[in-house]
Structures are given as C-alpha cells and as structure tokens.
Amino acid sequence: MMTRNSLDIAVLLSGSGTTLQNLIDQIEQGRLDARIVGVIASRAGAYGLERARKHAIPTATVLRKDFADTPTFSAAVWAQIRAYDPELVVMAGFMSLLDVPDDFANRIVNVHPALIPAFCGKGMYGHHVHEAVLAYGAKITGVTVHFANAHYDEGPIILQAAVPVLEEDTPDSLADRVQTKEREVYPQAIQLIAEGRVAVEGRRVRIRQDME
Ligand code: GAR
C-alpha cells in the first residue's frame, strides 16, 4: 500500500460516540491523518450523531430494528457506506453484526475492550465485558484493535495493549481505565493504516517499522 497523507474513513456507531469524539479530536489536533466522510448509526437517538453534526460531518441512520436479519440490514448499511466512498470503515461502539463484502475485507476496523480471544464474542460488549472480566477474576485485561470480519471479534489483530485489573475495581472504574487506553490505541492503529504500514498475512498483521 502507498503512503497516504489522509485516509477517508466512515464511522459506524450505536451509542454515545465517545470513540467517535476521540477520533474527531485526534484529527483536529493533527495526530491522525484522516478525514471522517460520514457517520452511520444503527440506533435511534445515538448521541454520536449529535457529535458528528457539531463538526459538520454527514450522518445517516440505518436502524437495526427495521430489518429482519443480518443480510438485509448489512445491504442497507453498505449502500450508505458506499455513498460516502471511504477507504476504511471504523466501528466505534457499533453493536450489530455486519456482513463484509469481499472488497472491504481488511478495510474495516473495530476496537474491543478486552484482550481477544478472551472476553469477546456475541453478547460481550460494553459493560458486559468488564463485568465478565471481574467475575472471572482476571488480573489483566486490555484493548484490542482488529480488522472486523462477519463474526463477532474474530478478524486479524492489529494492536493490543494490556490494562491491569485493580483490587478495588468496579465495572465502571475498569471501563474508565480501559477506555483511556482505547483512546490511545485506536487512533494509533488507524494512523498506521493511513501511513500504509499495515499488511495482513493470514491471521497475522505485520506492521512495518521504518518507512524511510
Ligand atoms: C467502547 O468502550 C468500545 O470498546 C466498546 O463500546 C464502547 C463504545 O463507547 N465496544 C465494544 O464493546 C464492541 N464489542 P462509545 O459508544 O461511547 O463510543
């Protein structure tokens, strides 16, 4: 892949959009060479849409509940994604399964608030993840950025970072610590893609260190 100056990204979300806000902030601070060409929400009233509008980013809503199954929902989402013509699709708290067309294989990224393959899969999202980590008694959790495929939390891993579980943690305090780490690692992974430094070989993602 060629080194790029700016990567056009479309963002998919279902909720409050703190992940989107972080990407907007990183771009505005010149730390992420990307342009958000559109935001698509799968739930009515997702606050992430407001955040996008405040920054004059085009928005669309494709409600999961309006569709009977994943294929029909996915077709509607992809029609909207293609209208925005992004180079990369970024899932930012997107809570629905999405089919992946061949031309977008390894062009969709997701962030998961645990160290995949632990505490992931269907039903493992948001607070459920942190509750499960505490209930299991794990001492370390973390953040995984990965390419998304048509299964929950399964595609090749781009970056991971560990976060300690502390003695006094509640699901809320653990979520805060993990999300602080997400705000570093997710833009980093997208920046590596923008710089053309990421290559996928089977399940392994190679990151080129030196582009000079
Ligand atoms: C983030 O913590 C993200 O890791 C998690 O949901 C939160 C979204 O917050 N994603 C998942 O659990 C995906 N399996 P946001 O809606 O405020 O961006």
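Being a predicted model, the structure only gives us computed values, none of them experimental.

Just to check I follow, could you spell out the site of the ligand for this structure?
Residues in contact with the ligand amount to 16 residues; listed here are only the nearest, Ser16, Thr18, Thr19, Gly126 and Glu182. Ser16 places a side-chain nitrogen or oxygen 2.6 Å from an oxygen atom of the ligand. In this structure, His112 approaches the ligand through a side-chain N or O atom, which is 3.3 Å from a nitrogen atom. If the ligand stood free it would expose 450 Å²; the protein chains cover 92% of that surface. Of all the secondary structure elements, the ones that give two or more residues to the shell around the ligand are helix H1 (18–28), strand E5 (108–112) and helix H5 (171–194).

Whenever I open this one, the pairing of strand E4 (residues 88–91) confuses me. Can you help?
Both faces of the sheet carry side chains from a regular strand, because those side chains alternate between them. Residues of E4 alternate between two faces, with Leu88 and Val90 on one and Val89 and Met91 on the opposite face, all of them buried. Relative to E4, strand E1 (residues 7–13) is paired through four bridges, and the arrangement is parallel. Residue pairing for E4: Ala10 is matched across the bridge by Val89. Where E4 lies against E5, two bridges are found, and the strand directions are parallel. Paired with Val90 across the strands is Val109, a residue of E5.

Would you explain the sheet that holds strand E7 (residues 157–164) in this entry?
Strand pairing in a sheet relies on backbone hydrogen bonds. The paired strands run either parallel or antiparallel. Within the open sheet, the seven strands sit side by side as E3-E2-E1-E4-E5-E6-E7. Their pairing is mixed. Where the open sheet ends on each side, the last strands, each with one partner, are strand E3 (59–61) and E7. Along the sheet, successive strands turn relative to each other by an average axial angle of 20°, direction set aside. Taken together, the four bridges between E5 and strand E6 (residues 140–147) define a ladder with antiparallel strand orientation. Residue His112 lies in a different strand from E6, and its bridge partner there is Thr144. Contacts between helix H3 (residues 70–84) and the sheet are confined to E1, strand E2 (34–41), E3, E4 and E5, with E2 contributing the most and set at about 155° to the helix.

Could you clarify how one ought to interpret helix H2 (residues 47–54) in this entry?
Because an α-helix packs 3.6 residues into every turn, residues spaced three or four apart end up facing the same way. Looking at H2, one finds that the buried residues are Gly48, Leu49, Arg51 and Ala52. Along the long axis of H2, the arc covered by the buried residues comes to 160°, so they all point the same way. Turning to H2, the residues buried within the fold contact E1, H1, E2 and E3.

So what exactly am I meant to see when it comes to the pattern of salt bridges here?
It is possible for side chains of opposite charge to pair when their charged atoms get near one another. Tallied over the full model, the rule gives eight salt bridges. Between Asp66 and Lys65 there is a salt bridge, and its shortest N-O distance comes to 3.6 Å. Each member of the pair Asp66 and Lys65 is classed as exposed.

Any chance you could explain the nonpolar core here in plain terms?
General note: in soluble globular proteins, nonpolar side chains tend to be found buried as a group. The biggest cluster of nonpolar side chains holds 46 residues, and the ones touching the most others in it are Val11, Ile36, Val39, Val90, Val109, Ile158 and Ile190. Considering each element in turn, this core owes the most residues, nine residues, to H5. In contact with Ile36, other than residues within four places in its own chain, are Ile9, Val11, Leu20, Leu23, Ile24, Ile27 and Ile57.

Just to check I follow, could you spell out the side chain of Ser42 for this structure?
Mapped onto the secondary structure, Ser42 falls in the loop between E2 and H2. Residue classification places Ser42 among the buried residues on the basis of a relative accessible area of 4%. Within the structure, the side chain of Ser42 is placed 2.8 Å from the side chain of Ser14, a separation counted as a polar contact. If we ignore the near neighbours within four places in the chain, the residues touching Ser42 are Leu13, Ser14, Val62, Leu63, Arg64, Phe73, Phe94 and Ser96.

Any chance you could explain the packing of helix H4 (residues 127–136) against H5 here in plain terms?
A pair of packed helices can be characterised by two numbers: the angle between their axes and the separation between those axes. As a packed pair, H4 and H5 sit with axes 9 Å apart at the nearest point and diverge in direction by 115°. Considered as vectors, H4 and H5 are oriented roughly perpendicular to each other. In the crossing of H4 with H5, the sense of the turn from one axis to the other is right-handed. Note on element contacts: H5 touches H4 through Pro171, Asp172, Leu174, Ala175 and Val178, opposite His127, His130, Glu131, Val133 and Leu134. Grouping the amino acids of the contact of H4 with H5 by side-chain chemistry returns six nonpolar, two polar and two charged.

Rules used throughout
- Residues numbered from 1 in each chain as written.
- Predicted model: local features only at pLDDT ≥ 70, side-chain atom pairs only at ≥ 80, totals over all residues.
- Heavy atoms only, no water.
- Near = heavy atom within 4 Å.
- Polar contact = N/O pair within 3.5 Å; in protein donor to acceptor, adjacent residues only side chain to side chain.
- Areas by Shrake-Rupley, 256 points an atom, 1.4 Å probe, with all protein chains shown as cover.
- Helix = DSSP H or I, 4+ residues; strand = E, 2+ residues; numbered from the N terminus.
- Buried < 20%, exposed > 50% of the residue type's maximum accessible area, 1.4 Å probe, protein only.
- Pairing = 2+ DSSP bridges.
- Axes fitted to C-alpha atoms, helices over the stretch in contact; angles between N-to-C directions.
- Contact = heavy atoms within 4.5 Å.
- Arc of directions from axis to C-beta.
- Salt bridge = Lys/Arg side-chain N within 4 Å of Asp/Glu carboxyl O.
- Core = buried A, V, L, I, M, F, W, Y, C linked by side-chain atoms within 4.5 Å.
- Parallel < 35°, antiparallel > 145°, perpendicular 65-115°, else oblique.
- Left-handed = near helix turned anticlockwise from the far one by under 90°.
- Nonpolar A, V, L, I, M, F, W, Y, C, P; charged D, E, K, R; others polar.

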